[in-house]
Amino acid sequence: MRHFALAAVGRDRPGIVAAVTEVLLGHSLNIEDSQATILRGHFTMMLVVATPDDADEAGLRDDLDGVRERLGLEALVLSELEELDPGARPAPSHIVTLYGADHPGIVHAATAALAERDVDVTDMTTRLAGEGGGEPLYALMMELALPASADADELGAALRRVGSDQGVEVSLRPLDTDAL
């Protein structure tokens, strides 16, 4: 079994998922992991799919390119993935939330503090709200996997320093594993 990442981006409209998955089904691919959302009016989708070893990769790419053209998608990309040990996935343990006035550098500052401490970002969502009137509010939420050597109190202090430097509110809390 081989695995591929499939990413699609296009102006939001009904039928994108149906058209892409019709091609996948026609080539006997199975969707194992997926994430999809609308970002600034563009539908975005990331899939990890499994395909039989003897799948016609060239035919699959041609059929996906036909969907991209027919729907006017900005991007539809298929890339083979290196096989990894599923047991090696980091287990999320904490949530960071950050809110404040929008400006460049917020995500970099927060993720740089995490990277310095070998903290893995397992999920991230950002939103810009309140654009119609006044200053836009930036919201960032990250699910984290802390390494065994991490000190959550020190990480929280580092993130509060980021918040102070960036002029945003930051909180770190343990992830409620029952909520997963």
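Cut-offs used in this document
Residues numbered from 1 in each chain as written. Predicted model: local features only at pLDDT ≥ 70, side-chain atom pairs only at ≥ 80, totals over all residues. Heavy atoms only, no water. Helix = DSSP H or I, 4+ residues; strand = E, 2+ residues; numbered from the N terminus. Buried < 20%, exposed > 50% of the residue type's maximum accessible area, 1.4 Å probe, protein only. Pairing = 2+ DSSP bridges. Axes fitted to C-alpha atoms, helices over the stretch in contact; angles between N-to-C directions. Contact = heavy atoms within 4.5 Å. Arc of directions from axis to C-beta. Parallel < 35°, antiparallel > 145°, perpendicular 65-115°, else oblique. Left-handed = near helix turned anticlockwise from the far one by under 90°. Nonpolar A, V, L, I, M, F, W, Y, C, P; charged D, E, K, R; others polar. Patch = residues over 30% accessible without salt bridge, like charges linked within 9 Å, V, L, I, M, F, W, Y side chains within 5 Å. Areas by Shrake-Rupley, 256 points an atom, 1.4 Å probe, with all protein chains shown as cover. Salt bridge = Lys/Arg side-chain N within 4 Å of Asp/Glu carboxyl O. Lys, Arg positive; Asp, Glu negative; His and termini not counted. Charge placed at Lys NZ, Arg CZ, Asp CG, Glu CD.

Asks: Quick question: what am I supposed to make of the overall build of the chain here?
Replies: Across its full length, the chain carries four helices and eight strands. Counted from the first residue to the last, the chain has its helices and strands arranged as β-α-β-β-α-β-β-α-β-β-α-β. For the chain, the C-alpha atoms occupy an extent of roughly 50 × 45 × 30 Å along the three principal directions. Across the 180 residues of the chain, 32% fall into the buried class.

Asks: Where do I start with the sheet that holds strand S3 (residues 42–51) in this structure?
Replies: Backbone-to-backbone hydrogen bonds pair the strands of a sheet. The strands run either parallel or antiparallel. The antiparallel open sheet is built from four strands, whose spatial order is S2-S3-S1-S4. The two strands at the open ends of the sheet, each matched to only one other strand, are strand S2 (30–39) and strand S4 (75–80). The mean angle between the axes of side-by-side strands here comes to 10°, regardless of whether they run parallel or antiparallel. Pairing geometry for strand S1 (residues 2–11) and S3, over ten bridges, is antiparallel. Bridge pairing in S3 links Val 9 to Thr 44. Each of S1, S2, S3 and S4 touches helix H1 (residues 16–26); the most contacted strand, S3, lies at about 20° to it. Contacts from helix H2 (residues 57–71) reach S1 and S4 within the one sheet, and its direction differs from that of S4 by about 165°.

Asks: Help me out: how do you make sense of H1 in this one?
Replies: Given 3.6 residues to a turn, an α-helix orients residues that are three or four positions apart in the same direction. Among all positions of H1, only Ile 16, Ala 19, Val 20, Val 23 and Leu 24 are buried. Down the axis of H1, the buried side of the element spans an arc of 135°, and every buried residue falls inside it. Opposite the buried face of H1, at more than 90 degrees from it, the exposed residues are Ala 18, Glu 22, Leu 25 and Gly 26. The elements touched by buried residues of H1 are S1, S2, S3, H2 and S4. Positioned one or two residues after H1, Ser 28 has a phi angle of 65°, which is positive.

Asks: Hey, could you run me through the packing of helix H3 (residues 106–116) against helix H4 (residues 152–166) in this one?
Replies: A pair of packed helices is characterised by two quantities: the angle between their axes and the separation of those axes. Their axes nearest at 10 Å, the elements H3 and H4 cross at an angle of 160°. Considered as vectors, H3 and H4 are oriented roughly antiparallel to each other. Helix-helix and strand crossings are classified by hand; for H3 and H4 the assignment is right-handed. Contacts between H3 and H4 involve Ile 106, Ala 109, Ala 110, Ala 113 and Leu 114 on the former and, on the latter, Leu 155, Leu 159, Val 162 and Gln 166. Residues belonging to the contact of H3 with H4 are distributed by class as follows: eight nonpolar, one polar and no charged.

Asks: Is there a simple way to think about a negative patch on the surface in this case?
Replies: Taken together, the side chains of Glu 32, Asp 33, Glu 82 and Glu 83 present a region of like negative charge at the surface. Following the sequence through the fold, Glu 82 ends up in the loop between S4 and strand S5 (94–101). Residue class for Glu 82 comes out exposed when judged on its relative accessible area of 67%.

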